[in-house]
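Per-entry structural report
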Amino acid sequence: MTKNAELIDLAIDSLGAQGDGVAQYEGKPVFTAYALPGEKVRARLSPKGGNAFTGRLQDVVAAAPDRVVPPCPLFTRCGGCAMQHLALPAYRDWKRQQVAATLATRGIDLPAETEMVTIEAGARRRAVFAAAKDQDRVTFGFHAAMSDEIVPLDDCLLLTPALRAGIEGLCRLAQIALNNKQKADFHVTESLTGLDVLAIAETDLPLNRRPAVIEAARAADLARFSWQHGKRQAEPIVMARVPQIRFADILVDLPIGSFLQPSVAGEAALVAAVIAGIGKAKRIADLYAGCGTFSFPLAKIGRVLAVDAAKPAIAALIAAVNRAQLSGRVEGLARDLDHSPLPPVDLKHIDVVVFDPPRAGAEMQARMLAKSKVAKVVAVSCNPASFVRDARILMDSGFSLQKITIIDQFLWSPHVELVAVLRRR
């Protein structure tokens, strides 16, 4: 390594958890985005905090064999993707290694029976766009990496055709809806009936702008457009059609801002892994059930207790259950499992528990499961770090980890999901 003013020549040894190339400088790690193992790069050095540095890539002096041409011209400017420069086989290996390394932090081995499913580009049905208006001009797109800057875009390879086609109309809508110097996040979901859009801003939507906003939302053919001021309850501004989604063969009305898996293909992969892990069961608890992603497919196997803290989601699930005449197969319960987990007494008639918590995991519920007589747990996780904590709790109480399916719905990013099957010994 040589130092030339602020420029440092680095030899990249490995990839970090966020996809940064990792090198050593003066005995400390240097994390350089968009650099790959085996490369010699030139970077500008700055303190990262603690005993590490951040390197800002200036030049790839010697490229790695796994380096490929990124398919998106905005790569490295837009913060949505981190790994477009890495060949797909090496990218898959890296994600698998990250799961294995996370498990190892709690003394857990990646099971020999581990599969991986990668969802291709063009499948993402959910996205959060950033919008800001300055001097009566709106910038609409995604944030730059680690920045408040908005990178304007008119296309994105990750998104479904419907979302890609909707960007222009959403930009026009933002132009009309926002005041000067105002910012907002546009949460967009492709439903079966069209785009469902929730704008979250720091102020209310002015009354004098509403007629033009309604006209723009209708011109964009949105199924629904809603506005939310900070953390207040969202208000529907336009409801042309009720946004709906299908779980198994059951139609569910989506509440405003409700959670939905980011892609149809990824949802199908998760459901398939959960169903395979369940096997046969008469009574199933689906915890953190949302609107019923797993509940309705599981109802084909046994009776399902679906539990979630979000009351609108459970209300939507119950309404769908009643329409489909499934009241004998699926029961919905609104309950905050993080603060009030189901105790062993409530689990004594349950054969299998499925849980799919937010990124923070299901620690309190895992502790209750550890004390219960439940024989099998199928854990779905969007955060291997919280999963391994919860899995360790279960394994220390007599469960064994039998299988993991790694599912990559977040192509070209560090994020990964998994489905794990744990059985009591």
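For clarity, every value in this text was computed on a predicted model and none was experimentally measured. Residue numbering note: each chain is counted from 1, following its sequence as written. In view of the model being predicted, local features appear only for residues whose pLDDT reaches at least 70, and side-chain atom pairs are presented and counted only at 80 or more, with totals across whole chains, interfaces and linings using the full set of residues. For the side-chain quantities, the full set of heavy atoms in the structure was used; hydrogens and water were omitted.

Another aspect to go through is the environment of Ile404. Position of Ile404 among the secondary structure elements: in strand β23 (residues 399-408). Exposure remark for Ile404: the relative accessible area of 0% places this residue in the buried category. Whether two residues are in contact is decided by their heavy atoms, any of which lying within 4.5 Å being enough. Once residues lying within four places of it in the same chain are set aside, the contact partners of Ile404 are Leu103, Leu110, Pro111, Glu113, Thr114, Glu115, Phe387, Leu418, Val419 and Ala420. Under the DSSP-based scheme used, a helix requires at least four consecutive residues in state H or I and a strand at least two consecutive residues in state E, with every element numbered from the N terminus. Partly exposed describes any residue whose relative accessible area lies between the buried limit of under 20% and the exposed limit of over 50%, with all areas from a 1.4 Å probe on protein chains only and scaled to the type maximum.

At least two DSSP bridges between two strands are needed for those strands to be called paired. Spatial ordering of the open sheet is given by β8-β23-β24-β22-β21-β18-β19-β20, a layout of 8 strands whose pairing is mixed. Since the sheet does not close on itself, it has two edges, and those belong to β8 (114-118) and β20 (330-334), each with one partner. Going from strand to strand, the sheet's axes swing by 15° on average, the running direction of each strand aside. Where strand β21 (residues 352-355) and strand β22 (residues 376-381) come together, 4 bridges link them in parallel fashion. The residue of β22 that forms the bridge with Val354 is Val378. Convention adopted: a line fitted to C-alpha atoms gives each axis, helices being fitted over their contacting stretch, and angles between N-to-C directions are expressed from 0 to 180 degrees.

One non-glycine residue with positive phi stands out, namely Glu26, at about 55°. In the Ramachandran plot, Lys181 falls in the positive-phi region, its phi being about 70° despite a non-glycine side chain. Along the chain, Lys181 turns up in the loop between α2 (161-177) and β12 (183-191). Under the relative-accessibility criterion, Lys181 is labelled exposed at 63%.

The criterion for an aromatic pair is that two Phe, Tyr or Trp rings (for Trp, the six-membered ring) have centres within 6.5 Å, with stacked assigned to planes under 30 degrees apart, edge-to-face to planes over 60 apart and tilted to the rest. Using the criterion set out here, one finds 8 aromatic pairs in the structure. Ring geometry for Tyr25 against Phe53: centres 5.9 Å apart, planes inclined by 70°, an arrangement best described as edge-to-face. Here Tyr25 is found in strand β4 (residues 21-25), whereas its partner Phe53 is found in strand β7 (residues 53-62), with 28 residues between them in sequence. For Tyr25, a relative accessible area of 8% puts it in the buried group. On the numbers, 5.0 Å between centres and 10° between planes, the contact of Phe129 with Phe142 is stacked. Residue Phe129 is found in strand β9 (residues 126-134), and its partner Phe142 is found in strand β10 (residues 137-143); the two are separated by 13 residues along the sequence. Of the residues examined, Phe129 reaches a relative accessible area of 0% and is grouped as buried. You can call Phe142 buried: its relative accessible area is 13%. Among the aromatic residues, ring-to-ring pairing joins Phe129, Phe140, Phe142, Phe186, Phe225 and Trp227 into one connected group. Two thresholds decide whether a charge sits over a ring: the Lys NZ or Arg CZ must be within 6 Å of the ring centre and within 35 degrees of the ring normal. A cation over an aromatic ring shows up here: Lys48 above the ring of Phe31, its NZ or CZ 5.2 Å from the ring centre.

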